[in-house]
Amino acid sequence: MSTKPQKGSEKYKRILNAAIRVFARNGFYASKVSQVAKEAKVADGTIYLYFKNKDDILISLFEDKMDEIIRRLNVELEGVTDVNEKLRLYIGAHLHLAESDPDLADVISVELRQSTHFMKEYENRKFNEYLKILANILREGQELGVWRTSISPTVFCRGLFGMLDELTVFQSISRHRGGGTPKYDMNVIQEQVADFVIRGLKI
């Protein structure tokens, strides 16, 4: 009796990683499932054992990679007691993704917007989980009396994410135009963003 291919298997991961490279190289809209299959070194039909269509591949790779990002972020934050340092770590983790995995950063920051299904129908559970970490950091600072309580967690989280997302896109564009070298050092960007965000939060 044949068994249904399992998500999380080596081949499943290989297809997702291949999709990241293909989507980053060609753009999501212009990419074909057959190109993903070729990059992953599997038959075209194998893709459909795991995914319904190209949009499903995009959503699946987003969930899979966001899960990894969230796990790494929680490990970094574990044991850190200073809320200012927690916020710096969060900002740094987001920004440095563009350096550690530029193809993935391009897909998450740019190519996801090319999927109508993702933008209109996907519940975005992993994204909400990612923002919840940030909201909890804000609430902790407010409860400790370090940061202003008048700041809405929802507005703060969406606003800071938008800023970080735009900076990631900006670095990506400058990297492509600069022959592989981004215009600004990401450590400098991290410190500048963290500095004025924390200043704005303080009582």
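Up top you'll find the structure we're talking about.
The paragraphs below set out a description of the structure included in this document.

Criteria and cut-off values
Residues numbered from 1 in each chain as written. Predicted model: local features only at pLDDT ≥ 70, side-chain atom pairs only at ≥ 80, totals over all residues. Heavy atoms only, no water. Core = buried A, V, L, I, M, F, W, Y, C linked by side-chain atoms within 4.5 Å. Buried < 20%, exposed > 50% of the residue type's maximum accessible area, 1.4 Å probe, protein only. Helix = DSSP H or I, 4+ residues; strand = E, 2+ residues; numbered from the N terminus. Expected span 1.5 Å × (residues − 1). Arc of directions from axis to C-beta. Contact = heavy atoms within 4.5 Å. Polar contact = N/O pair within 3.5 Å; in protein donor to acceptor, adjacent residues only side chain to side chain. 1 Å grid on protein atoms, 1.4 Å probe; cavity = no way out; pocket = protein on both sides within 12 Å on 5 of 7 lines; lining within 4 Å. Points joined across faces, edges and corners; volume = space filled by probe spheres on them. Nonpolar A, V, L, I, M, F, W, Y, C, P; charged D, E, K, R; others polar.

We now examine the nonpolar core. Phe23, Ile47, Leu61, Leu87, Phe156 and Leu160 are the most contacted members of the largest nonpolar core, which has 63 residues in total. With ten residues, helix α4 (residues 54-77) is the single largest residue contributor to this core.

Between its terminal C-alpha atoms helix α10 (residues 186-201) stretches 22 Å, which fits the 22 Å expected from 16 residues at 1.5 Å a residue. Of the residues making up α10, those classed as buried are Met186, Ile189, Gln190, Val193, Ala194, Val197, Ile198 and Leu201. One side of α10 holds all its buried residues, which, seen down the axis, span an arc of 140°. Along α10, exposed side chains directed more than 90 degrees from the buried face belong to Gln192 and Arg199. Elements in contact with the buried residues of α10: α5 (83-100), α8 (125-143) and α9 (153-177). For α10, the side-chain oxygen to backbone nitrogen distance between the N-cap and asparagine 187 is 2.8 Å, and the N-cap itself is aspartate 185.

Before going further, it helps to examine the layout of surface pockets. Roughly 360 Å³ of volume is contained in the largest pocket. Considering the residues around the largest pocket, the lining is formed by 21 residues, among which Phe62, Ile108, Leu112, Phe127 and Phe161 are closest to the centre. Elements that contribute at least two residues to the lining of the largest pocket include exactly α4, α5, α6 (102-109), α7 (116-120), α8 and α9. Broken down by element, the lining of the largest pocket gets its largest block of residues, four residues, from α5. Along the lines of polarity and charge, the residues of the lining of the largest pocket split into 15 nonpolar, four polar and two charged.

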